[in-house]
Amino acid sequence: QVQLVESGGGLVQAGGSLRLSCAASGSTFNFNAIGWYRQAPGKQRELVANIRSGVYTDYADSVKGRFTISRDNVKNTVYLQMNSLKPDDTAVYYCKAARSSVGGVTLYFWGQGTQVTVSS
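Residues numbered from 1 in each chain as written. Predicted model: local features only at pLDDT ≥ 70, side-chain atom pairs only at ≥ 80, totals over all residues. Heavy atoms only, no water.

K.L.:
So what exactly am I meant to see when it comes to the packing of aromatic side chains here?
P.N.:
Any aromatic ring pair is given by two values, namely how distant the centres are and how the planes are angled relative to each other. Per the counting criterion, the structure on display carries two aromatic pairs. Geometrically, the ring pair formed by Tyr37 and Trp110 is edge-to-face, given 5.3 Å between the ring centres and 65° between the ring planes. Here Tyr37, found in strand β4 (residues 33–39), pairs with Trp110, found in strand β10 (residues 106–110); they are 73 residues apart in sequence, far enough to count as distant. Each ring, one from Tyr94 and one from Trp110, has its centre 6.2 Å from the other, and the planes form 85°; the classification is edge-to-face. Of this pair, Tyr94 sits in strand β9 (residues 91–100) while Trp110 sits in strand β10, and the two are 16 residues apart along the sequence. Through pairs of rings, three or more aromatic residues link up here, namely Tyr37, Tyr94 and Trp110. Here Arg45 stacks its cationic end above the ring of Tyr94, 3.7 Å away from the centre of that ring. A cation over a ring is seen here: Arg45 above Trp110, with NZ or CZ 4.6 Å from the ring centre. (Phe/Tyr/Trp six-rings, centres within 6.5 Å; stacked < 30°, edge-to-face > 60°. Helix = DSSP H or I, 4+ residues; strand = E, 2+ residues; numbered from the N terminus. Lys NZ or Arg CZ within 6 Å of the ring centre and 35° of its normal.)

And the structure:
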């Protein structure tokens, strides 16, 4: 069973930075994709950033140029460096991973989430 544990959230002023970490219990190399989603109060959960096939990255338009996703295969950890934070970035941030299983089924795993609050 895969476990994802996020950390690094907190309270920061607008314009500040935070780095989120997602530690996976298995090798991140075996994930088809791993990345970050967020959910603000009253809003749907949305993709923030994603690494696919270990190489390709995707970013939400709202965070391009400010956020960077990266991974450390030795530490089995994925990071989200968040710079120039805005109050609109306030949300619970979740780590999500996808892995292919027997029969072509894709399994999805979620972390418990970490709160990011950006004050104006």
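K.L.:
Can you help me understand the sheet that holds strand β7 (residues 67–72) in this one?
P.N.:
Whenever strands of a sheet pair, they do so through backbone hydrogen bonds, lying parallel or antiparallel. Taken in spatial order, the four strands make up an open sheet running β1-β3-β8-β7, and their pairing is antiparallel. The open sheet is flanked by β1 (4–7) and β7, the only strands paired with a single partner. Across the sheet, the mean angle from the axis of one strand to that of its neighbour is 15°, orientation sign disregarded. (Pairing = 2+ DSSP bridges. Axes fitted to C-alpha atoms, helices over the stretch in contact; angles between N-to-C directions.)

K.L.:
Looking at this structure, I do not really get the side chain of Lys96. What am I missing?
P.N.:
Mapped onto the fold, Lys96 is located in strand β9. Despite its burial, Lys96 pairs with no opposite charge, the nearest such side chain being Asp58 at 11 Å. Beyond its immediate sequence surroundings of up to four residues, Lys96 is in contact with Leu4, Ala33, Ile34, Gly35, Tyr37, Tyr108, Phe109 and Trp110. (Buried < 20%, exposed > 50% of the residue type's maximum accessible area, 1.4 Å probe, protein only. Lys, Arg positive; Asp, Glu negative; His and termini not counted. Salt bridge = Lys/Arg side-chain N within 4 Å of Asp/Glu carboxyl O. Contact = heavy atoms within 4.5 Å.)

K.L.:
Even after reading the chapter, I still don't get the side chain of Asn50, so can you show me in this structure?
P.N.:
Its place among the elements puts Asn50 in strand β5 (residues 46–52). The exposure class assigned to Asn50 is buried, which follows from its relative accessible area of 11%. Excluding residues within four positions of it along the chain, Asn50 makes contact with Ala33, Ile34, Gly35, Tyr56, Thr57, Asp58 and Ile69.

K.L.:
How do you make sense of the state of the cysteines when you look at a structure like this?
P.N.:
Note on terminology: a disulfide is the covalent bond linking the sulfur atoms of two cysteines. Counted by the stated rule, this structure contains one disulfide. There is a disulfide in this structure between Cys22 and Cys95, and the S-S distance comes to 2.1 Å. Negative torsions about the S-S bond denote left-handed disulfides, and the value of about -80° found for Cys22 with Cys95 makes this one left-handed. Of the two residues, Cys22 is situated in strand β3 (residues 18–24) and Cys95 in strand β9; the sequence distance between them amounts to 73 residues. (Disulfide = S-S within 2.5 Å.)

K.L.:
Quick question: what am I supposed to make of the pattern of salt bridges here?
P.N.:
Any two side chains of opposite charge can pair, on the condition that their charged atoms come close. Inspection of the entire model under this criterion finds five salt bridges. Note that Asp89 and Arg38 form a salt bridge whose closest N and O atoms lie 3.0 Å from each other. Of the two residues, Asp89 sits in the loop between β8 (77–82) and β9 while Arg38 sits in strand β4, which places them 51 residues apart along the sequence. Each of the two residues, Asp89 as well as Arg38, counts as buried. The partner of Arg66 in a salt bridge is Asp89, and the shortest N-O contact between them spans 2.8 Å. Taken together, the residues Arg66 in the loop between β6 (56–59) and β7 and Asp89 in the loop between β8 and β9 connect sequence positions 23 residues apart. This pair shows no difference in class: Arg66 is buried, exactly as Asp89 is. Among the ionic contacts, a cluster of salt bridges with common partners joins Arg38, Glu46, Arg66 and Asp89.

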